[in-house]
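Listed below, chain by chain, are the residues.
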Amino acid sequence: MNIGVFVCHCGSNIAGTVDTEAVAKAALGFREVVFATDTMYACSEPGQAGIVDAIKEYDLDGVVVASCTPRMHEATFRRTLERAGLNKYMFEMANIREHVSWVGKDKEANTRKAGELVHMAVEKLRRNDYLQAGEFEINKRVMVIGGGVAGIQAALDCADGGLEVILVEREPSIGGKMSKLDKTFPTVDCSSCILGPKMVDVAQHPNITLYTLSEVDSVKGFVGNFDVTVRRKAAYVDWDACTGCGECTTKCPSKKTPDRFNEFIGTTTAINIPFPQAIPKKASINADACIKLTKGKCGVCAKVCPTEAIRFDQQDELVTEQVGAIIAATGYDLFDFTKYGEYGGGRYPDVITSMQYERLLSASGPTEGHIKRPSDGAEPKDIVFIQCVGSRDKSIGRPYCSGFCCMYTAKQTILTKDHMPDSQSYVFYMDIRAPGKNYDEFTRRAMEEYGARYIRGRVSAIQPKNGRYLVKGADTLLGQQVEIEADLVVLAVGAEAAKGAGELAEKLRISYDPYGFFLEGHPKLKPVETNTAGIYLAGSCQGPKDIPSSVAQGDAAAAKVLALFSKDKLASDPQVSGVKLVRCIGCGKCESVCPFGAIEMIDFRGMTKASVIETVCQGCGVCTAACPQGAIQLSHFTDNQILAEVNTLCL
Amino acid sequence: MSVNEGKELRIIGFLCNWCSYAGADTAGVGRFAQPTDLRIVRLPCTGRINPLFIVRAFMNGADGVLVSGCHPRDCHYSEGNFYARRRLEVLKALLPVIGVDPGRFEYTWVSASEGQRWRSVVTSFTEQVHALGPMPGFKSGTSLDMCLCHLDQPQVR
């Protein structure tokens, strides 16, 4: 075998702390290495051309590139090999940037380490096989999980692109957080006026199947061929029969049911339609509040329903859908504001969250758009807004900036002034973060045109005083303590990962960060992809996002799915397990440990043997480690290859 | 002795491609300085690790072996790290029997976003191995040597 080694300088990234020339020289001494050189930028066009030329000139059968992480450029260099007519799996990478030059300053130690990593790669490459990719069919349907604005956008884009879309939403209606907003920054246009038509498009689109009040139960399969089981929760109403007339909701006697849609500041009935523009506009029963379901009496709704749609005995239903790609758009949850004891959230009735305030501002909210204090229904005059409640605070485990709170607070001060011209808003802030288009201008308008008083500092305590609240804080710009008497306190709560996000990530086999937000494939270059092929991200499930970014990401995820489905067949990864029939004793251990059901026991000339279903195998190698005979081997990571690496390092 | 003084020791890391390898990359991108002793072997999953790789590394003179994968329940292959945990736990109990100080072996979970955690794992493990010093050579007739004799027999593979 003729092996060529290319040691990349990566400008000064590697060459700064590694003697690349010495590494290349050392590589010439490794077995079967016939050519070694150092190169300025191996991944650049001239760098790749140099590799192609060397392959031809020295008749190379395999190439080692020592540069950055294979997670960055393995695919790039494999294509280079293909261009030169080599099998693309005759390639190995030594990571001498992330694992060497960037973490150590000692040039001598780094050079030695880089040399050893190259030696390992060479020894592994010597045992590589020529692998050939197969092909498999893909199912061109897509599932979007989450019906907020990002999910809606992704679903509509995919559906317009001709794909069949299944949209799964946990709540009874799509619309997500955006449907609860009154107006949106920085244009102050009405939220439901811009989201409503999109929701209707979803309902009417011939390519979209909508499952609301549903959750993903389990996910099996792989890119192009996922089997997703969806749990359709009991609404206790036959939605095929329900026309959304609302007769049941007016007659239901359980009128004190907490209203989830209105953030629990209003009440609703046990059977309800969440809001007037709900899609689908169908009634569902809150089983915890329904007298019939809890005590067995009542049943008024069933009596008044003109279409006889009420089904008290309805059960959850499991539906399995075959899809080729999945877009996760599960959004976020709001921070639990009761964690800040000093603000009195949960104890003082007039300390509310920004989302509750949003519902007070909304014409479709519990007060029909009149700002009323929850405690006595009086109109507040002085309103204090406190920012960064659950953002940028390490002490409560939320060190990140939620990004949109500065903006929605500015919007709420503007709307407050519009609703009540003689009111005064005070905003306690840490920093104003308004980097979007027209965002900074918007916050300035709130201060200058609408007279919101911005006070830079944290609030230390809120105390009740004569039916009002005394807000004590510091003005760090003036360097003095301030006290403001307020009728209402609004806490600008930050975003956190949606409840159950971790469980869903585990079902989808994607990673999530310490806060529960899903991890993208690469923070800059793969913002909507995940490390699991065929699964994409949109919206705030990846991190807090405002509406424009969520929509943009929904578009991007849909574009990725459309690109994936532009082919009828996908190339399968040939780095899968294979069985040496002679060694296999048919014990079935590999079959029992395979997480994907990719191994079946077959009859081979009267003997039981294991057989790998190559398109199902994902290449984890659990079977290879389990096999007592060493009969099943994961290509590209065989026992011999790994042991060769270990031996190179030790001996 | 601090890890930066004196001779480097031979520490081998078996890392899962999806979490810890990416975590080590994240640490590199963040320029989190680390001791240089560790050499990383990239594997698709910690579930791929045959505990005998680790025994073999010790037999061949490794001073320390570190295994790192995805946090439990966060595996790219859904359950590979559970298999790893089961096997490595048994190995850990076995190491003293074959004459290897269990302090020379560690397995841990580091996710792709935890560059800072990776740095502290590498630093503390390297310090731990340095405190134990170089691996003493194996003489024939020791239990590890006996283990070596049996390694290639099918019944123990």
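Computed from a predicted structure; not experimentally measured.

It is worth spelling out the UniProt feature "domain: F420-non-reducing hydrogenase iron-sulfur subunit D" (unreviewed entry) in chain B at this point. Mapped onto the present numbering, the UniProt feature "domain: F420-non-reducing hydrogenase iron-sulfur subunit D" (unreviewed entry) falls on residues 11-133 of chain B. Helix and strand shares over residues 11-133 of chain B are 42% and 19% respectively, and the end C-alpha atoms of the span are 12 Å apart.

Let us now look at the pairing of strand 1 (residues 3-8) of chain A. Residue and element names in this part refer to chain A. Most of strand 1 sits inside the fold, with six of its six residues counted as buried. The sheet contact formed by strand 1 and strand 2 (residues 33-39) spans six bridges and is parallel. What sits directly across from F6, in strand 2, is T37.

Next up on the list: the nonpolar core. Nonpolar side chains tend toward joint burial in soluble globular proteins. The biggest cluster of nonpolar side chains holds 84 residues, and the ones touching the most others in it are V142, I271, I327 and V561 of chain A. Looking at this core, the element that brings in the most residues is helix 7 (residues 149-160) of chain A, giving eight residues. Residue contacts for V561 of chain A: discarding those within four places in its chain leaves V142, C158, L163, A325, I327 and Y536 of chain A. Counting 73 residues, the second-largest nonpolar core is a separate cluster that includes V7, V65 and V122 of chain A together with W109 of chain B.

Below, the discussion takes up the packing of aromatic side chains. For the structure on display, the rule yields 20 aromatic pairs over all chains. Taking the centre distance of 4.2 Å and the plane angle of 10 degrees together, the rings of F261 of chain A and F275 of chain A count as stacked. Of this pair, F261 of chain A sits in the loop between strand 13 (257-258) and strand 14 (267-268) while F275 of chain A sits in the loop between strand 15 (271-272) and strand 16 (284-285), placing them 14 residues apart in sequence. Each ring, one from Y332 of chain A and one from F404 of chain A, has its centre 5.4 Å from the other, and the planes form 45 degrees; the classification is tilted. One end of the pair, Y332 of chain A, is in strand 19 (residues 332-334); the other, F404 of chain A, is in the loop between strand 21 (382-389) and helix 13 (405-419), and 72 residues separate them in sequence. No difference in accessibility class separates Y332 of chain A from F404 of chain A, as the two residues are buried. Three or more aromatic residues joined by ring pairs make a cluster, and in this case those are F6, F35 and Y58 of chain A. Lying across the ring of Y348 of chain A, R347 of chain A places its NZ or CZ 5.2 Å from the centre. One Lys or Arg, R31 of chain B, reaches over the ring of W102 of chain A and ends 3.8 Å from the middle of that ring.

Residue and element names in this part refer to chain B. Read across the open sheet, the four strands follow the order 2-1-3-4; overall the sheet is parallel. Only two strands of the sheet have a single partner each, and these edge strands are strand 2 (38-43) and strand 4 (105-109). Taken over all neighbouring pairs, the strand axes of this sheet differ in orientation by 20 degrees on average, direction set aside. Across six bridges, the pairing between strand 1 (residues 11-16) and strand 2 is parallel.

Okay, the sheet that holds strand 11 (residues 214-222) of chain A next. Residues and elements named next belong to chain A. Reading across from one edge, 11-12-17 is the order of the three strands in this open sheet, with antiparallel pairing throughout. Looking at strand neighbours, the two that pair on one side only are strand 11 and strand 17 (317-323), the edges of this open sheet. With strand direction ignored, the average angle separating the axes of adjacent strands in the sheet is 20 degrees. Here seven bridges tie strand 12 (residues 225-232) to strand 17, and the two strands are oriented antiparallel to one another. When the sheet's bridge partners are listed, D227 is paired in strand 17 with Q322.

Right, let's get into the confidence of the model for chain B. On average, chain B scores 87 in pLDDT, and the residues at 70 or more come to 83%. Per the prediction output, this complex has pTM 0.88; the corresponding ipTM is 0.91.

Residues and elements named next belong to chain B. As for its position among the elements, N81 is in helix 3 (residues 80-94). Only 2.8 Å separates the side chain of N81 from the backbone oxygen of C70, close enough to count as a polar contact. The residues touching N81, leaving out its near neighbours within four places in the chain, are C45, T46, C70, H71, P72, R73, D74, C75 and W109.

Residues and elements named next belong to chain A. Among the eight residues that make up strand 21, eight are buried, leaving the element largely enclosed by the rest of the structure. As paired strands, strand 21 and strand 22 (residues 424-429) are joined by five bridges and run parallel to one another. Across the sheet, residue D382 finds its bridge partner in strand 22, namely Q424. Crossover strand 21 to strand 22 through helix 13 is right-handed. By the bridge criterion, five bridges tie strand 21 to strand 27 (residues 488-493) in an arrangement that is parallel.

What counts as what
- Residues numbered from 1 in each chain as written.
- Chains lettered and ligands numbered in written order.
- Predicted model: local features only at pLDDT ≥ 70, side-chain atom pairs only at ≥ 80, totals over all residues.
- Heavy atoms only, no water.
- UniProt positions renumbered as here; feature names shortened; annotations may be inferred.
- Helix = DSSP H or I, 4+ residues; strand = E, 2+ residues; numbered from the N terminus.
- Buried < 20%, exposed > 50% of the residue type's maximum accessible area, 1.4 Å probe, protein only.
- Pairing = 2+ DSSP bridges.
- Core = buried A, V, L, I, M, F, W, Y, C linked by side-chain atoms within 4.5 Å.
- Contact = heavy atoms within 4.5 Å.
- Phe/Tyr/Trp six-rings, centres within 6.5 Å; stacked < 30°, edge-to-face > 60°.
- Lys NZ or Arg CZ within 6 Å of the ring centre and 35° of its normal.
- Axes fitted to C-alpha atoms, helices over the stretch in contact; angles between N-to-C directions.
- pLDDT = per-residue confidence, 0-100.
- Polar contact = N/O pair within 3.5 Å; in protein donor to acceptor, adjacent residues only side chain to side chain.
- Right-handed = clockwise from strand over helix to strand, strands pointing away.

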